[in-house]
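In case you want the letters, here they are:
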Amino acid sequence: MEADRTSRLPLAVAQILGPDGEVAGAGFLVAADVLVTCAHVIRAAGGGPGDSVTLVFPHTAGAARSEGRVMAEAWREPGEDVALIRLPAVPPGTAPLPLGSAAGSRGHQVRSFGFPAQAPREGHFGFGVSGDLLPATAHRGAHLQLTGANDLTTGFSGGPVLDEVTGLVIGMLTEITAPDEHERGQGIAYVTPTHVLRETWPELAEREVCPYRGLEPFTAEHAQWFEGRRDAVEQVLANLARQHGLTLLLGPSGSGKSSLIQAGVLRALAAGALAASDHWLPVLVRPRQDLPAELERAGLAGAATDGIAAAVSRRLAAEPGRQARRAGHRPVRRAPHPVGHPPRRRGPDHRGGHLEHRAPRDPDHA
């Protein structure tokens, strides 16, 4: 599913060309014959409302140039900085991108596709993190602020902003900020949210988040749609309640072990399914070849150099009121083997799967 999202994005994105053939910016399909971009991109291409503009979908077969008409009735400048282009035809293989809502996207990873000068002629991806919606003012429309958007530079204007959690487009990249004299303010970008695009052209439909993840695992962000595995979650919780040193979750590849842990077990523990489990500190990693190194990347600083126990103790001590109990750690492991009853072991086998190393926090014990 992730591969589908990645591959469909470039196919729906077009280059808006100026009279000299240079790329003025990007635009993307929002309907079978309608492309959206920024009004300032049309201006940079030498056009305006009612004019014809040249564009090309560089990731389609042949990448032939075509002409489109800027819809005068949907022109928004200044303020919203939105333009729609009506196309007589689109190349085979292209399809409109599904539109969602920017509301509730705060903290979600986002990606875009554009054509900055430093990229290959065919463009490349850019990434950021969704922030807050900024209300409209007398001089500009509502905008969504992005942070961590250093990849999004000139040449991404008019590009789609895809929410990687929902798989839906939540806006159009409109503006990037320049850092001040102290190099502060880098990596900030502004997005025209989809509700503004729909106000510009009401025929655009909003899609709901699809709860079906295909082959992708459910994570904590998708827990509200994770259903039907209650018995399995309760079995894992029962094993944890017995205070085994290790609980193994066994099953073949693709059977849902990752989803069970991330969207089922973690959600239940965070809700206090076991005594004080809402105060536990989860660390979720793939052990790969070097478990301590992976634990360090997951937030246990010093695990690779000082040992896991020392790293856990340091992490808990850094958070006021959180201490590990004398019972020690309760790891939960999912392993890529046939389904069976989880055997009891003295320590984890580090040869694959997910390891969730969790230490209960209890301020009454050292």
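Our subject in this report is the structure included herewith. Computed from a predicted model, the values in this text were never measured in an experiment. (Residues numbered from 1 in each chain as written. Predicted model: local features only at pLDDT ≥ 70, side-chain atom pairs only at ≥ 80, totals over all residues. Heavy atoms only, no water.)

### Some words on the sheet that holds strand β2 (residues 23-31)
For step 1, the next point in the chain: Here we have six strands rolled up into a closed barrel, ordered β1-β2-β3-β6-β5-β4, and antiparallel in their pairing. Put simply, the sheet's adjacent strands are angled 45 degrees from each other on average, direction ignored. (Pairing = 2+ DSSP bridges. Helix = DSSP H or I, 4+ residues; strand = E, 2+ residues; numbered from the N terminus. Axes fitted to C-alpha atoms, helices over the stretch in contact; angles between N-to-C directions.)

### Quick notes on the nonpolar core
For step 1, the next point in the chain: Of all hydrophobic cores here, the largest spans 40 residues; its most connected members are I16, F28, L35, V36, I42 and I85.
For step 2, the next point in the chain: Among the elements of the structure, β1 (13-17), β2, β3 (34-37), α2 (39-44), β4 (52-56), β6 (83-86) and β11 (169-176) are those that each provide at least two residues to this core.
For step 3, the next point in the chain: No other element matches the five residues that β2 contributes to this core.
For step 4, the next point in the chain: The contacts of I85, once residues within four sequence positions are left out, are I16, D33, V34, L35, T37, I42, V53, L55, G68, R69, V70 and M71. (Core = buried A, V, L, I, M, F, W, Y, C linked by side-chain atoms within 4.5 Å. Buried < 20%, exposed > 50% of the residue type's maximum accessible area, 1.4 Å probe, protein only. Contact = heavy atoms within 4.5 Å.)

### Comments concerning the packing of helix α4 (residues 230-241) against helix α5 (residues 257-270)
Helix packing for two helices is described by the angle between their axes and how far apart those axes are.
For step 1, the next point in the chain: Their axes nearest at 10 Å, the elements α4 and α5 cross at an angle of 60 degrees. Our classification of the angle between α4 and α5 gives oblique. The hand of the α4/α5 crossing is right-handed. Between α4 and α5, the contacting residues are A232, V233, V236, L237 and L240 on the first element and L260, G264, V265, A268 and L269 on the second.
For step 2, the next point in the chain: Its residues placed into classes, the contact of α4 with α5 shows nine nonpolar, one polar and no charged. (Parallel < 35°, antiparallel > 145°, perpendicular 65-115°, else oblique. Left-handed = near helix turned anticlockwise from the far one by under 90°. Nonpolar A, V, L, I, M, F, W, Y, C, P; charged D, E, K, R; others polar.)

### As for the environment of S105
For step 1, the next point in the chain: For S105, the location among the structural elements is in the loop between β6 and β7 (109-114).
For step 2, the next point in the chain: Under the relative-accessibility criterion, S105 is labelled buried at 2%.
For step 3, the next point in the chain: For S105, the contacting residues outside a window of four places in its chain are S130, L144, D163 and I170.

### Considerations on the packing of aromatic side chains
For step 1, the next point in the chain: Enumeration according to the criterion identifies three aromatic pairs in this entry.
For step 2, the next point in the chain: Plain terms: the ring middles of F113 and F115 are 5.8 Å apart, the flat faces sit at 85 degrees to each other, and that makes the pair edge-to-face.
For step 3, the next point in the chain: Its relative accessible area of 2% is what places F113 among the buried residues.
For step 4, the next point in the chain: For F115, a relative accessible area of 7% gives the class buried.
For step 5, the next point in the chain: Both rings, one in F113 and one in F125, keep their centres 5.1 Å apart while their planes meet at 80 degrees; by these two values the pair is edge-to-face. Within this pair, whereas F113 is found in strand β7, its partner F125 is found in strand β8 (residues 124-134), the two being separated by 12 residues in sequence.
For step 6, the next point in the chain: Cation over ring: R140 sits above Y190, and NZ or CZ is 5.2 Å from the ring centre. (Phe/Tyr/Trp six-rings, centres within 6.5 Å; stacked < 30°, edge-to-face > 60°. Lys NZ or Arg CZ within 6 Å of the ring centre and 35° of its normal.)

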